[in-house]
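Architecture and fold: a report
The lines below spell out each chain.
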Amino acid sequence: MGRTGGMPMLKVDLDALRALGTALTDTADTVGSLDPVAPIVAAADAMPNSAFGDVARSAAMPTLAAYRVVGVRIREMASASLASADSYEDTDRAFSDQLVRLNAEGR
């Protein structure tokens, strides 16, 4: 962050922020496509008379639900990143336009 007149200046790399949003969207898609149920059930089936097998089987659906929640949270971060980039860009454009108008009026 730079400083002008004692005030910090906010500098944002919009391309990097958008790239983050895109990468997070891809990650959310990947996490959302994961289905841990079959491997967990297969592991439980491999231990038919085991207490561990019963515990593993009972964890299948909660694990799937956790994956889905994580995917949603990552998608929310992606949306926030992309929206922030747009907001910064809109604010910067509005500020720049206002400066141009003020300079034109001052002449």
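Please read these numbers as outputs of a predicted model, since none were measured by experiment. (Residues numbered from 1 in each chain as written. Predicted model: local features only at pLDDT ≥ 70, side-chain atom pairs only at ≥ 80, totals over all residues. Heavy atoms only, no water.)

1. Regarding the overall build of the chain
Selection rule: To qualify as a helix, a DSSP run of H or I must reach at least 4 residues; to qualify as a strand, a run of E must reach at least 2; elements of each kind are numbered from the N terminus. Only protein chains enter the accessibility calculation, which uses a 1.4 Å probe; a residue is then buried when its area is under 20% of its type maximum, exposed when over 50%, and partly exposed in between. Residue contacts are defined here by distance: any two heavy atoms, one from each residue, within 4.5 Å place the two residues in contact. All accessible areas in this document rest on Shrake-Rupley with a 1.4 Å probe, and a residue is counted as covered only by the protein chains that are shown.
Along the chain, the regular secondary structure elements total three helices and two strands. Listing the helices and strands of the chain from first to last along the sequence gives β-β-α-α-α. Out of the 107 residues in the chain, the part that is buried amounts to 18%. Restricting to contacts in the chain with at least 6 residues of sequence separation, those with at least 24 account for 71%. In the structure as shown, the chain presents an accessible area of about 7,600 Å², 62% of it carried by carbon and sulfur atoms.

2. Some words on the packing of helix H1 (residues 14-33) against helix H3 (residues 51-105)
Our working rule: To obtain an axis, a line is fitted to C-alpha atoms, over the contacting stretch when the element is a helix, and the angle between two such axes runs from 0 to 180 degrees between their N-to-C directions. Working definition: roughly parallel below 35 degrees, roughly antiparallel above 145 degrees, roughly perpendicular at 65 to 115 degrees, and oblique for all remaining angles. Take the far helix as the reference: if the near one is turned anticlockwise from it by less than a right angle, the crossing is left-handed, and if turned clockwise, right-handed. Under the scheme applied, nonpolar residues are Ala, Val, Leu, Ile, Met, Phe, Trp, Tyr, Cys and Pro; charged residues are Asp, Glu, Lys and Arg; polar residues are all the others, including Gly.
One way to put it is that H1 packs onto H3 with a least axis distance of 8 Å and a crossing angle of 160°. By the angle between their axes, H1 is roughly antiparallel relative to H3. For the pair H1 and H3, the sense of crossing is left-handed. Counted by class, the contact of H1 with H3 contains 14 nonpolar, eight polar and six charged residues.

3. Focus on the packing of helix H2 (residues 37-45) against H3
In a packed pair of helices, the relevant descriptors are the angle between the two axes and the axis-to-axis distance. Where H2 meets H3, the axes come as close as 8 Å, and the angle between the chain directions of the two elements is 175°. Relative to H3, the element H2 is oriented roughly antiparallel. Where H2 abuts H3, its residues Val37, Ile40, Val41, Ala44 and Asp45 lie against Gly53, Ala56, Arg57, Ala59, Ala60, Met61, Thr63 and Leu64. Among the residues making up the contact of H2 with H3, the classes are represented as nine nonpolar, two polar and two charged.

4. Let's talk about the environment of Arg93
Definition in use: Polar contacts, as counted here, are pairs of nitrogen or oxygen atoms within 3.5 Å of one another; within protein the pair requires one atom able to donate a hydrogen and one able to accept it, and residues that are adjacent in sequence qualify only if both atoms are side-chain atoms.
Relative to the elements of secondary structure, Arg93 occurs in helix H3. Of the residues examined, Arg93 reaches a relative accessible area of 44% and is grouped as partly exposed. A distance of 3.2 Å separates the side chain of Arg93 from the side chain of Asp90, its partner in a polar contact.

5. Observations regarding the pattern of salt bridges
For clarity, the cut-off: One side-chain nitrogen of Lys or Arg within 4 Å of one carboxyl oxygen of Asp or Glu is enough to make a salt bridge.
Considering all chains together, one arrives at seven salt bridges under this definition. In this structure, Arg57 engages Asp45 in a salt bridge whose closest nitrogen and oxygen atoms are separated by 2.4 Å. In this pair, Arg57 is assigned in helix H3 and Asp45 in helix H2, connecting sequence segments twelve residues apart.

None of this, on its own, says anything about what the molecule does.
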